[in-house]
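Structure at a glance
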Amino acid sequence: MAWNFFLSLFDYKTEKYIVAKNKRVGVLYRLIQLCVIGYIIGWVFLSKKGYQETDEAIQSSVITKLKGVSVTNTSDSGVLVWGPEDYVIPPQGEAVLFIVTNFIETPNQKLGYCAESPKVLDGLCKKDEDCEEGKMVVAGNGIKSGRCLQKDKNSTGTCEIYSWCPIERNFKPQGPLLPNAENFTIYIKNFILFPKFAFSKSNVLETNDNSYLKKCRYDEELHPYCPIFRLGDITRRAGYNFQDMATFGGSIGIMIQWDCDLDKGYSNCHPVYHFTRLDRSISSTNIAVGFNFRHSRYFKNAAGESYRSLFKVYGLRFTIMVHGKAGMFSIVPTAINVAAGLALMGAGAFFCDMVLLYLIKKGDSYRERKFEGFRSKKSNADPSADRQDAMEQENLKS
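Here is a short report on the structure shown in this document. On a predicted model such as this, the values are computed, not experimentally measured, just so you know. Residue numbers run consecutively from 1 along every chain, following the written order of its sequence. Where local features are concerned, this predicted model is filtered to residues with pLDDT of at least 70; where side-chain atom pairs are given and counted, the filter is 80 or more; whole-chain, interface and lining totals use all residues. Calculated side-chain values reflect all of the structure's heavy atoms, with hydrogen atoms and water omitted.

Here the focus is the overall build of the chain. Put simply, DSSP H or I for four residues or longer makes a helix, DSSP E for two residues or longer makes a strand, and each gets a number counted from the N terminus. Helices and strands together make up the secondary structure of the chain, namely 10 helices and 16 strands. Each residue gets one of three labels from its accessible area relative to the maximum for its type: buried under 20%, exposed over 50%, partly exposed in between, using a 1.4 Å probe on protein chains only. For the chain, with 398 residues in total, the buried portion stands at 36%. Relative to all contacts within the chain whose residues are 6 or more apart in sequence, the contacts with residues 24 or more apart total 67%. Each accessible area is a Shrake-Rupley estimate made with a 1.4 Å probe; only the visible protein chains count as cover when residues are assessed. Split by element, the accessible area of the chain, about 25400 Å² in all, is 57% carbon and sulfur. What makes two residues a contact is simply this: any of their non-hydrogen atoms within 4.5 Å.

Axis angles are defined between N-to-C directions and span 0 to 180 degrees, where every axis is a line fitted to C-alpha atoms and, for a helix, only to the segment in contact. Between helix H2 (residues 23–47) and helix H7 (residues 331–359), the shortest axis-to-axis distance is 10 Å and the interhelical angle comes to 160 degrees. When the axes of H2 and H7 are compared, the pair comes out roughly antiparallel. For the element pair H2 and H7, the recorded crossing hand is right-handed. Of the residues in H7, those in contact with Val 25, Leu 28, Tyr 29, Ile 32, Gln 33, Val 36, Ile 37, Tyr 39, Ile 40, Val 44 and Phe 45 of H2 are Thr 334, Asn 337, Val 338, Gly 341, Leu 344, Met 345, Gly 348, Ala 349, Phe 351, Cys 352, Val 355 and Leu 356. Any residue outside Ala, Val, Leu, Ile, Met, Phe, Trp, Tyr, Cys, Pro, Asp, Glu, Lys and Arg is labelled polar, Gly included; the first ten of those are nonpolar and the last four are charged. Here the contact of H2 with H7 is built from residues that sort into 18 nonpolar, 5 polar and no charged. Angles are sorted into four bins: roughly parallel if under 35 degrees, roughly antiparallel if over 145, roughly perpendicular if 65 to 115, and oblique for all others. Rotating anticlockwise by less than a right angle from the far helix to the near helix defines a left-handed crossing, while the corresponding clockwise rotation defines a right-handed one.

What follows concerns the state of the cysteines. Defined by distance alone, a disulfide is two cysteine sulfur atoms within 2.5 Å. Considering all chains together, one arrives at 5 disulfides under this definition. The disulfide partner of Cys 216 is Cys 226, and the gap between their sulfur atoms is 2.0 Å. Note on the Cys 216 and Cys 226 pair: the S-S dihedral is about 80 degrees, so by sign convention the disulfide is right-handed. On the criterion of sequence distance, the pair formed by Cys 216 in the loop between helix H4 (212–215) and strand E12 (228–230) and Cys 226 in the loop between H4 and E12 is long-range, its members being 10 residues apart. This pair shows no difference in class: Cys 216 is buried, exactly as Cys 226 is. Counting only the cysteines that form disulfides, in the order they appear in the chain, gives the pairing 1-6, 2-4, 3-5, 7-8, 9-10.

A side chain of one charge can pair with a side chain of the opposite charge when the charged atoms of the two come close. Criterion for a salt bridge: a side-chain nitrogen of Lys or Arg within 4 Å of a carboxyl oxygen of Asp or Glu. Applying the stated criterion to the full structure yields 12 salt bridges. A salt bridge links Glu 168 to Arg 294; the nearest nitrogen and oxygen atoms lie 2.8 Å apart. Taken as a pair, Glu 168 in the loop between strand E9 (157–165) and strand E10 (185–194) and Arg 294 in strand E15 (residues 292–300) lie far apart in primary sequence, 126 residues in all. The partner of Asp 209 in a salt bridge is Lys 215, and the shortest N-O contact between them spans 3.6 Å. Judged by its relative accessible area of 34%, Asp 209 falls in the partly exposed class. Residue class for Lys 215 comes out exposed when judged on its relative accessible area of 57%. Bridged by salt links that share partners, the residues Glu 182, Arg 230, Asp 233 and Arg 236 form one connected network.

On to the layout of surface pockets, then. The method is simple in principle: a probe with the dimensions of a water molecule rolls over the atoms, and the space it marks as empty is what remains. Considering only enclosed or pocket space, the largest pocket measures out at about 720 Å³ in volume. Every definition here rests on a 1 Å grid over the protein atoms only: cavities are sets of points where a 1.4 Å probe fits but cannot get out, pockets are open sets enclosed by protein on both sides within 12 Å along at least five of seven lines, and lining residues have some atom within 4 Å of a point. Around the largest pocket sit 20 residues that line it, and Ile 18, Val 19, Ala 20, Asp 353 and Leu 356 are the ones nearest its centre. Looking at the lining of the largest pocket, the elements with two or more residues in it are H2, H7 and helix H8 (363–370). Its residues placed into classes, the lining of the largest pocket shows 11 nonpolar, 2 polar and 7 charged. Grid points are joined across faces, edges and corners, and a volume is the space filled by probe spheres set on the points.

What follows is about the packing of aromatic side chains. Centres within 6.5 Å make a pair out of two Phe, Tyr or Trp rings, where for Trp the six-membered ring is used; the pair is then stacked when the planes are under 30 degrees apart, edge-to-face when over 60, and tilted otherwise. Tallying each qualifying case throughout the model produces 19 aromatic pairs. Here Phe 98 and Phe 291 contribute two aromatic rings whose centre-to-centre distance is 5.5 Å and whose plane-to-plane angle is 50 degrees, an arrangement assigned as tilted. Here Phe 291 lies in the loop between strand E14 (271–277) and E15 and Phe 98 lies in strand E6 (residues 96–115), a separation of 193 residues in the sequence. In this structure Phe 291 comes out as partly exposed when scored by relative accessible area, which is 26%. Only when the NZ of Lys or the CZ of Arg is both within 6 Å of the ring centre and within 35 degrees of the ring normal is a charge said to sit over the ring. It is Arg 277 that lies over the ring of Tyr 240; its NZ or CZ is 4.8 Å from the centre. Just above the ring of Trp 82 sits the side chain of Arg 297; from NZ or CZ to the centre is 5.8 Å.

In structure tokens, the structure reads:
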């Protein structure tokens, strides 16, 4: 027994096929084959490039630089010239930067005692007991001194606070003070690396013309490798008017997409730019729209007293995001996808077998020919069983 089992390991088994002359099932089987072949060739290989090995672990470096000058003339500051060192925050040239387009200035603040703003709820009072000495004003500007400042006994006043006085001016700006910021330009230099393929590239045109970056502006068709963008064009591509955004500010996302088919060579890997506004949604209200923050400039007078000018600045916050994927031919994914296609072919044959054997009228006849019964020697010794086997053989021959 053991020797026979060992010898059986070297037997080769092959399938037995039955040709069914059924046009409907035959047409169904060919349609399934065409659909599977179309899916494998059209979707897996041509559309999704299933024959390639991919690398999505893109490594990226972004460097930014702003250029442009604007002039403001206000009653508090007089005539000021704004350069990149004034309106770009932070000035280091990072992937996230803020450009001032409007501001509200509260000049010459000095530490001392003054009234809290009536717009601060925790600073309202009717008597001195409402202003506990030494307590911070919630969402306010300073520390309560213990005095309630009222015009008369029946009116609601505000607590006296120790703070930078006078307190911040609070009003809505009517328009941008730096309208010329629309013509500022931002230089976005991007270097990318796909480590799996040791492939690197930049979004800057490789040219020997040293004046190219001084005169070019980005254009999808004419200058796709010019990394200099006009701010007004960026907001326009995001679907908004620059002057409308400049008053209260906003947030703009700049996405650089690298989809590189390395089988086509170095020159076919191009950056694609997408621009979108990030501080507004379909359901957003005017309360949440815009972008602003505060910063101050400190100085001392001739007597050595400390002062500061407080600025509430509005502007555009740019966030530069880099995504990408590179692909190159590899035998491993190709073999896997071909094997998956062959498995789908087998699934189609199985489905057609189910239709042929169980869903059509002549299914019993097909089942008799597809499945053969096996009888042991003991049962074959029965003459009636032998006659039945002979009849089955005659049916198969017919």
